[in-house]
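So you can see what is in the structure, the chains are spelled out below.
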Amino acid sequence: MTVATNMEPQSDPNAEPMISLQHIYKSFEGKEVLRDLSIDIARGESVVIVGGSGTGKSVTLKHIIGLLRPDSGHVMIEGRDITEMRPVELNRFRQHFGMAFQEGALFDSMSVFENIAFPLRRHTKMTEEAIAARVEECLEQVHLHGVDGKRPSELSGGMRRRVGFARAISLKPEILLFDEPTTGLDPVISDVVADLIVEMDRTLNTTTVTITHDMKVAFKIADRVAMLFQGHIVEDGTPAEFQRSENPIVQQFIEGRAEGPLTDGTNE
Ligand SMILES: Nc1ncnc2c1ncn2[C@@H]1O[C@H](COP(=O)(O)OP(=O)(O)OP(=O)(O)O)[C@@H](O)[C@H]1O
Ligand SMILES: [Mg+2]
């Protein structure tokens, strides 16, 4: 049973999806990675995309943020087709997004403070005082204290991820994208990071898309789980529906079995 909360004001069935990928095709050097991929993500929803290594999960995320253009198909964000935007417009539009890349992708030559301040300096005319306050707020949100002056290399992997999250939210984005937020972290820290994503999604009221191949993380943070296989979404449902799926591809993935349709050689 899902518990209704007062944080779900967007039950209007006619509301436009926040993110709509429509019939996306994408090949690299003749190799088709995305083939007729479609998915709609509602405002405020937390969707997790799972799938094997090299199936195109990161490529999908890069389409959402406009870092890659589809060969055909449309990427609609709040009803606007970003595949038709000019680079300048797209750049401005990207400020709606907070993206936490694999491994954090922090600048190692900068302090934690400067890393988080970077988007603020670049995209706003905030005063130093306002920037300092905002950086503090972002660090607070990810439960980090007293690390402002440190270099990313001085922090643990879990802390670096959190700095990456703090930077991703500095411009108060409406959409948060996480690419493999827990890869390389031990199970306990993974769980802490997953909890933090849930908390951020709720308190910041964002639409959140996360990529992971950790099913425990996926089930924890997802309103919906979608599985990518052979270039498109083969299953899409709530964590409970996903777990009950009779699709053998999904079952093999959840169970982490070596034998099955995922690995029978037909997916190349
Ligand atoms: N810019 C690019 N140029 C050429 N090929 C690319 C490019 N980006 C991705 N690919 C190819 O597209 C395929 C999918 O890559 P992608 O990074 O999306 O996989 P993934 O599902 O994120 O995998 P992983 O779980 O390992 O991160 C791979 O075969 C990759 O080599
Ligand atoms: Mg990837």
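Now for a quick tour of the structure. (Residues numbered from 1 in each chain as written. Chains lettered and ligands numbered in written order. Predicted model: local features only at pLDDT ≥ 70, side-chain atom pairs only at ≥ 80, totals over all residues. Heavy atoms only, no water.)

1. Concerning the sheet that holds strand β6 (residues 97-100)
What counts, and what does not: A pair of strands is labelled paired if DSSP reports no fewer than 2 bridges between them. Numbering goes from the N terminus for both helices and strands, where a helix is a DSSP run of H or I of at least four residues and a strand is a run of E of at least two. Orientation is described by axes fitted as lines to C-alpha atoms, over the contacting stretch for helices, and by angles from 0 to 180 degrees between their N-to-C directions. Between two residues, a contact is recorded if the distance between any of their heavy atoms is within 4.5 Å.
Overall, mixed pairing links the 6 strands, which are arranged β6-β7-β8-β3-β9-β10 in an open sheet. Two strands bound the open sheet, and with one partner strand each, they are β6 and β10 (232-237). Taking the axes of each pair of neighbouring strands and ignoring which way they run, one obtains an average angle of 20 degrees across the sheet. In this sheet, strand β7 (residues 175-179) lies alongside β6 in parallel orientation, the contact comprising 4 bridges. In the sheet register, Gly98 faces β7, and the bridge partner there is Leu176. Across the face of the sheet, helix α9 (residues 248-255) comes into contact with β3 (46-50), β9 (224-229) and β10 while running at roughly 105 degrees to β9.

2. With respect to the site of ligand 1
How we decide: Neighbouring residues are identified by heavy atoms, a residue being near a molecule or strand if any of them is within 4 Å of it. By the criterion applied in these results, polar contacts are pairs of N or O atoms within 3.5 Å in which, for protein atoms, one can donate a hydrogen and the other can accept it, and in which residues neighboring in sequence qualify only through two side-chain atoms. The accessible surface values rely on the Shrake-Rupley method and a 1.4 Å probe; as for residues, cover is taken only from the protein chains in view. Note that Gly is not counted as nonpolar here; it falls among the polar residues with everything else outside the nonpolar set of Ala, Val, Leu, Ile, Met, Phe, Trp, Tyr, Cys and Pro and the charged set of Asp, Glu, Lys and Arg.
The environment of ligand 1 is formed by 14 residues, the closest being Gly54, Gly56, Lys57, Ser58 and Val59. Measuring from an oxygen atom of ligand 1, one finds a side-chain N or O atom of Lys57 at 2.7 Å. Here ligand 1 has 640 Å² of accessible area as a free molecule, and 64% of this is covered by the chains. Broken down by secondary-structure element, the contributors of at least two residues to the shell around ligand 1 are β2 (31-41) and α1 (57-64). Take the shell around ligand 1: its biggest share by element is 3 residues, from α1. By residue class, the composition of the shell around ligand 1 is 3 nonpolar, 8 polar and 3 charged.

3. Structural notes on the packing of aromatic side chains
In plain terms, the rule: The pairing test for Phe, Tyr and Trp rings, Trp by its six-membered ring, is centres within 6.5 Å, and the orientation test on the planes gives stacked under 30 degrees, edge-to-face over 60, and tilted for anything in between. Residue burial is assigned from relative accessible area. The probe radius is 1.4 Å, only protein chains are included, and a residue is buried under 20% of its type maximum, exposed over 50%, and partly exposed in between.
With the rule as written, the count across this model stands at 4 aromatic pairs. Measuring from centroid to centroid gives 4.8 Å for Phe165 and Phe178, while their planes differ by 70 degrees, and the two rings are edge-to-face. Pair noted here: Phe165 is in helix α5 (residues 157-168) and Phe178 is in strand β7, with a separation of 13 residues, a long-range link. There is no split in this pair, since Phe165 and Phe178 are both buried.

4. Some thoughts on the pattern of salt bridges
Opposite charge on two side chains permits them to pair, given that their charged atoms come into close proximity. We count it as follows: We define a salt bridge as a contact between a side-chain nitrogen of Lys or Arg and a carboxyl oxygen of Asp or Glu at a distance within 4 Å.
If you walk through the whole model with that rule in mind, you get 14 salt bridges. Residue Arg121 pairs with Glu114 through a salt bridge whose shortest N-O separation is 3.1 Å. With a closest N to O distance of 2.4 Å, Arg121 and Glu128 form a salt bridge. Overlapping salt bridges bring together Asp191, Asp195, Lys216 and Lys220 as one network.

5. Details of the sheet that holds strand β4 (residues 72-77)
The strand order β2-β1-β4-β5 describes an open sheet built from 4 strands, whose pairing is antiparallel. Looking at which strands have only one partner, the edges of the open sheet turn out to be β2 and β5 (80-81). Bridge count between β4 and β5: 2 bridges; the pairing is antiparallel. For Ile77, the partnering residue across the bridge sits in β5 and is Arg80. Sheet strands in contact with α1 are β1 (19-28), β2 and β4, and its direction is about 125 degrees off that of β1.

6. Some points on the environment of Ser111
Mapped onto the fold, Ser111 is located in the loop between β6 and α3 (112-123). Every residue in contact with Ser111, bar those within four places of it in the chain, is listed here: Asp148, Gly149, Lys150 and Arg151.

7. Considerations on the pairing of β10
Two elements, β9 and β10, share 5 bridges in a ladder whose sense is antiparallel. Its bridge partner being in β10, Val225 is matched across the sheet by Gly237. Counted along the chain from β9 to the antiparallel partner β10, the turn is 2 residues long, and its residue Gln230 has a positive phi close to 50 degrees.

8. Quick notes on α9
Residue pairs three or four apart in sequence face the same way in an α-helix, which turns once every 3.6 residues. Every buried residue of α9 is accounted for by Ile249, Val250, Gln251, Gln252 and Phe253. Where α9 is buried, its residues meet β3, α7 (215-221), β9, β10 and α8 (239-244). Capping the start of α9, Asn247 holds a side-chain oxygen 2.9 Å from the backbone nitrogen of Ile249, two or three residues further along. With its phi angle positive at about 65 degrees, Gly256 sits one or two positions after the end of α9.

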